[in-house]
Structure formats: C-alpha cells, structure tokens
Amino acid sequence: MPRKLENLKKIYESGIVLILRSESEEEALAVSEAAIKGGIKALEITMSVPNALNVIRKLSDKYKSEGILIGAGTILDGETARAAILAGAELLVSPQLNPEMIKMANRYQAITISGAFTPRDVIETLEAGADIVKLFPAEVVGPKYVSAIMAPVPEAPIVPTGGVTPENVHEWLKAGCIGVGVGSYISKAARKDGDYQKVTTAAKEFVEAVANAQYSLV
C-alpha cells in the first residue's frame, strides 16, 4: 500500500490528530513523546512552535519507522509547505483553504487537512483536492452543524478542531466526522507542573473515548 494511503488509514482508524502549540522546542518534543506513549498516532506541530521545523525533523527521524504520522500545522503558503515536507512532515494542515499548500502536498504525496467553516468553504476545499476538511473553529457551531452540512455533502471527510472533549467526541463522530482534532486537553496537560505523565494519561483517555465512540457507531 502506498505510504500516503497508510497514513490516511492511521487518521481514519485512530480518529485523532493531536495539535501542538507549545511555547518552546523542548516542550513540544516532551509533549509529543508523552502523547505518543499514550497512543496518539498522528501529530500536527504548528509553525508557531519555536524551531518548529527542527521539532518535526527530530520527531520524524525518531518515530517515522514506528508508524507515527508527523505533520506540520498553520501552513499558509507553498514555501512553508515545501520546507515542512523537507523536514519530514507527511501531513500538512492549514486553517483556511490554501491551494498552494494542497498543490505542494499532492506533488509529494503528503496528506492535507484544509480549513473550512461554511458549506461553500467545505465544497471548495474538496474541489481543491484536500484529503480532509478541517472544520474550524468548531466550538462555535457544534455537532449539529456537521450534520446539517453533511446532509447535502455526505462524502465530506470532516475533522472538527476546537471544543472537542472525551465527553462530547461521540456526538461529533455520530454527526459524521471521520475523526477529531485535539489540542490543549492533551498538549497542555503538563503546563502547570511539568508532569508529562499527565499528557500520557490525557492521551490515553482521549484515545479510549474515541475508540469507544467508533465501536458504538459500528
């Protein structure tokens, strides 16, 4: 199976993409490793992280052979997309429709998760060739909004980002989402005291919640 398809399968099967917006390179690496121990299979390192490309490179070098999908987030142009790919990213994420990012990713067979909010955004994102639609900001609408969008566009592979918790993840998946984007619930679990075991615990909790939700919907 081509590697891109294998990576897409990881997202569909695990149902989680972890989004990291850390304050330092060291924190990003520590959170990533703790989250991976907790069962996270796909990570998005946002370009706002100091030395983000170096973080991506280190994680890719260490975990690519173990089947962990390392990605780059907040990609706003084609140049940054290419730099992220050269650093080892196999997943590119943008907060909005970015045709140059999608073009670059498709050229090198990286997965794209492209931001959208309105029904028009969703359709244009699909037409541009994105692999997954990132509903953002999801917390201002909720699962019912996804159900409404998917009524006319049931084929849209939507991943909501913002406001998703272990308690409501079932509702998002029930509405038709293929997975969810998760941020601070996991990534900031150790922010107060530096105890990264809390990140691992939070990751395990979320992974279990998603797995239970997926099982109940089969």
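The following paragraphs examine the structure supplied in this document. Here the residue numbers are simple positions, counted from 1 along each chain's written sequence. Local features in this predicted model are restricted to residues whose pLDDT is 70 or higher, and side-chain atom pairs enter the listing and the counts only when it is 80 or higher, whereas totals over whole chains, interfaces and linings include all residues. Remark: hydrogens and water are excluded; side-chain values derive from all non-hydrogen atoms of the structure.

### Thoughts on helix α5 (residues 99-107)
Looking only at α5, the buried set comprises Met-101, Ile-102, Met-104 and Ala-105. The buried side chains of α5 occupy one side of the element, clustering within an arc of 165° when seen end-on. A contact between two residues is defined here by any heavy atoms of the two lying within 4.5 Å. Secondary structure elements are defined from DSSP: runs of H or I of at least 4 residues count as helices, runs of E of at least 2 residues count as strands, and each element is numbered from the N terminus. Looking at the buried side of α5, the elements it contacts are α4 (78-87), β4 (91-94) and β5 (111-116). In the stretch just after α5, Gln-109 is the one whose phi turns positive, near 60°. Working definition: with a 1.4 Å probe on protein chains only, accessible area under 20% of the residue-type maximum means buried, over 50% means exposed, and in between means partly exposed. The directions considered for the arc run from the helix axis to the C-beta atoms.

### Thoughts on unusual backbone geometry
Between Phe-136 and the following residue, Pro-137, the backbone shows a cis peptide bond with an omega angle of -5°. Checked against the element boundaries, Pro-137 lands in the loop between β6 (132-135) and α7 (143-150). A positive phi angle, near 55°, is found at Asn-51, a position not held by glycine. Within the fold, Asn-51 resides in the loop between β2 (42-46) and α3 (52-63). We classify Asn-51 as exposed; its relative accessible area is 52%. The phi angle at Thr-74 is positive, at roughly 55°, despite the residue not being glycine. Overall, the relative accessible area of 30% leaves Thr-74 in the partly exposed class.

### What about the packing of aromatic side chains?
Think of it this way: a Phe, Tyr or Trp ring, Trp meaning its six-membered ring, pairs with another when their centres are within 6.5 Å, and the plane angle makes it stacked under 30 degrees, edge-to-face over 60, tilted otherwise. The final tally for this structure, using the stated rule, is two aromatic pairs. Look at Phe-117 and Tyr-145: their rings are 5.7 Å apart centre to centre, the planes differ by 25°, and that puts the pair in the stacked class. On the criterion of sequence distance, the pair formed by Phe-117 in the loop between β5 and α6 (119-127) and Tyr-145 in helix α7 is long-range, its members being 28 residues apart. What makes Phe-117 partly exposed here is its relative accessible area of 26%. Taking 5.4 Å as the distance between ring centres and 85° as the angle between the ring planes, the aromatic pair formed by Tyr-185 and Phe-206 counts as edge-to-face. Pair noted here: Tyr-185 is in helix α9 (residues 184-187) and Phe-206 is in helix α10 (residues 197-216), with a separation of 21 residues, a long-range link. Residue classification places Phe-206 among the buried positions, given a relative accessible area of 0%. Our definition puts a charge over a ring when NZ of Lys or CZ of Arg is within 6 Å of the ring centre and also within 35 degrees of the ring normal. Here the basic side chain of Arg-82 rests over the ring of Tyr-108, its NZ or CZ set 4.0 Å away from the ring centre.

### Overview of the packing of helix α2 (residues 25-37) against α10
As a packed pair, α2 and α10 sit with axes 7 Å apart at the nearest point and diverge in direction by 45°. In terms of orientation, α2 and α10 fall into the oblique class. Our pair here, α2 against α10, has a crossing hand that is right-handed. Note on element contacts: α10 touches α2 through Val-199, Thr-200, Ala-203 and Lys-204, opposite Val-31, Ala-34, Ala-35 and Lys-37. For this classification, the nonpolar set comprises Ala, Val, Leu, Ile, Met, Phe, Trp, Tyr, Cys and Pro, the charged set comprises Asp, Glu, Lys and Arg, and every other residue, Gly included, is treated as polar. Residue composition of the contact of α2 with α10, grouped by class: five nonpolar, one polar and two charged. In this description, a line fitted to the C-alpha atoms serves as the axis of each element, helices being fitted only across the stretch in contact, and the angle between N-to-C directions of two axes falls anywhere from 0 to 180 degrees. Oblique is the label for every angle not falling under 35 degrees (roughly parallel), over 145 degrees (roughly antiparallel), or within 65 to 115 degrees (roughly perpendicular). Left-handed describes a crossing in which the near helix is turned anticlockwise from the far one by less than a right angle; the clockwise case is right-handed.

### Focus on the packing of α4 against α5
Where α4 contacts α5, the axes come no closer than 8 Å and their chain directions differ by 30°. Seen along the crossing, α4 lies across α5 with a hand that is right-handed. Contacts between α4 and α5 involve Gly-78, Ala-81, Arg-82 and Ile-85 from the first element and Glu-100, Met-101, Met-104 and Ala-105 from the second.

### Topic: the nonpolar core
Taken as a class, soluble globular proteins show a tendency for nonpolar side chains to be buried jointly. Take the buried Ala, Val, Leu, Ile, Met, Phe, Trp, Tyr and Cys residues and link them wherever side-chain atoms come within 4.5 Å; each set so joined is a nonpolar core. If you look at the biggest cluster of nonpolar residues, it comprises 62 residues, and the most contacted ones within it are Leu-92, Ile-158, Val-180, Ile-186 and Phe-206. No other element matches α10, which puts seven residues into this core. Counting 12 residues, the second largest nonpolar core, distinct from the first, contains Val-17, Ala-42, Ile-111 and Ile-178.

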